[in-house]
Amino acid sequence: MGLMSTILGGRGSRSTEDYVELDLDDFESVATEAAMQVHVAEIAGQADAIDIKDAIYDGDMVVADITRLRTSDSTTEHVIDELRQVASEVDGDIVQKGDDQLIVTPTGVKISREKLGDGV
């Protein structure tokens, strides 16, 4: 097995011994404020959209689990429309990934519609 096959994951099987857990405390870090945060949210109803909208207006990105929203199609459509409007207002972006996730971005962040490594 060559070096590139080892790095890129050749056809050989992998086990947990092949991986090393890295402790971030072992690396130097400069205490700086991040320009943007990525929030993970769960939307179960209309009220959950408020915090997501606030995060987008603040310039942060949100990955939201919408599996609990599936109980009511009208609520789902209403929440997605609200978040679509917010993304449009801030010149951000919004995509639905499968049936269970929404990704909403702030100003200046666009989401590619192409998967990395697709067809490689």
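Residues numbered from 1 in each chain as written. Predicted model: local features only at pLDDT ≥ 70, side-chain atom pairs only at ≥ 80, totals over all residues. Heavy atoms only, no water.

Focus: the overall build of the protein chain
- When helices and strands are tallied, the protein chain shows three helices and four strands.
- Looking at the protein chain residue by residue over its 120 residues, the buried ones come to 27%.
- Partitioning the contacts of the protein chain with sequence separation of at least 6, the portion at a separation of at least 24 is 45%.
- A total accessible area of about 9200 Å² is found for the protein chain, and carbon and sulfur atoms account for 50% of it. (Helix = DSSP H or I, 4+ residues; strand = E, 2+ residues; numbered from the N terminus. Buried < 20%, exposed > 50% of the residue type's maximum accessible area, 1.4 Å probe, protein only. Contact = heavy atoms within 4.5 Å. Areas by Shrake-Rupley, 256 points an atom, 1.4 Å probe, with all protein chains shown as cover.)

Comments concerning a nonpolar patch on the surface
- On the surface, Val20, Leu22, Leu24 and Phe27 cluster together into a nonpolar patch covering about 490 Å² of accessible area.
- In this fold, Val20 is placed in the loop between α1 (3-8) and β1 (38-42).
- For Val20, a relative accessible area of 70% translates into the label exposed. (Patch = residues over 30% accessible without salt bridge, like charges linked within 9 Å, V, L, I, M, F, W, Y side chains within 5 Å. Salt bridge = Lys/Arg side-chain N within 4 Å of Asp/Glu carboxyl O.)

Things to note about the side chain of Thr105
- Locating Thr105 in the fold gives a position in strand β4 (residues 101-105).
- For Thr105, a relative accessible area of 0% puts it in the buried group.
- Separated by 2.6 Å, the side chain of Thr105 and the backbone oxygen of Val109 make a polar contact.
- Discounting residues that sit within four places of it in the chain, Thr105 has contacts with Ile56, Met61, Val90, Gly92, Asp93 and Ile111. (Polar contact = N/O pair within 3.5 Å; in protein donor to acceptor, adjacent residues only side chain to side chain.)

Comments concerning the pairing of β1
- Of the pairings in the sheet, the one linking β1 to strand β2 (residues 61-65) comprises five bridges and is parallel in character. When the sheet's bridge partners are listed, Val40 is paired in β2 with Val63.
- On the question of chirality, the crossover connecting β1 to the parallel β2 by way of helix α2 (residues 48-57) is right-handed. (Pairing = 2+ DSSP bridges. Right-handed = clockwise from strand over helix to strand, strands pointing away.)

Side note on unusual backbone geometry
- Phi at Asp91 is positive, roughly 60°, even though this residue is not glycine.
- Its place among the elements puts Asp91 in the loop between α3 (73-89) and β3 (93-97).

Details of the nonpolar core
- Residues Ile43, Ile52, Ile56, Val62, Ala64, Leu83 and Leu102 are the most contacted members of the largest nonpolar core, which totals 19 residues.
- Breaking this core down by element, the ones donating at least two residues are α2, β2, α3 and β4.
- When residues in this core are grouped by element, the largest group, five residues, is from α3.
- Residues within four places of Ala64 in sequence aside, it is in contact with Ala41, Ile43, Ile52, Asp100, Gln101 and Leu102.
- Core analysis: the second largest hydrophobic core is formed by five residues, Met61, Val95, Ile103 and Ile111 among them. (Core = buried A, V, L, I, M, F, W, Y, C linked by side-chain atoms within 4.5 Å.)

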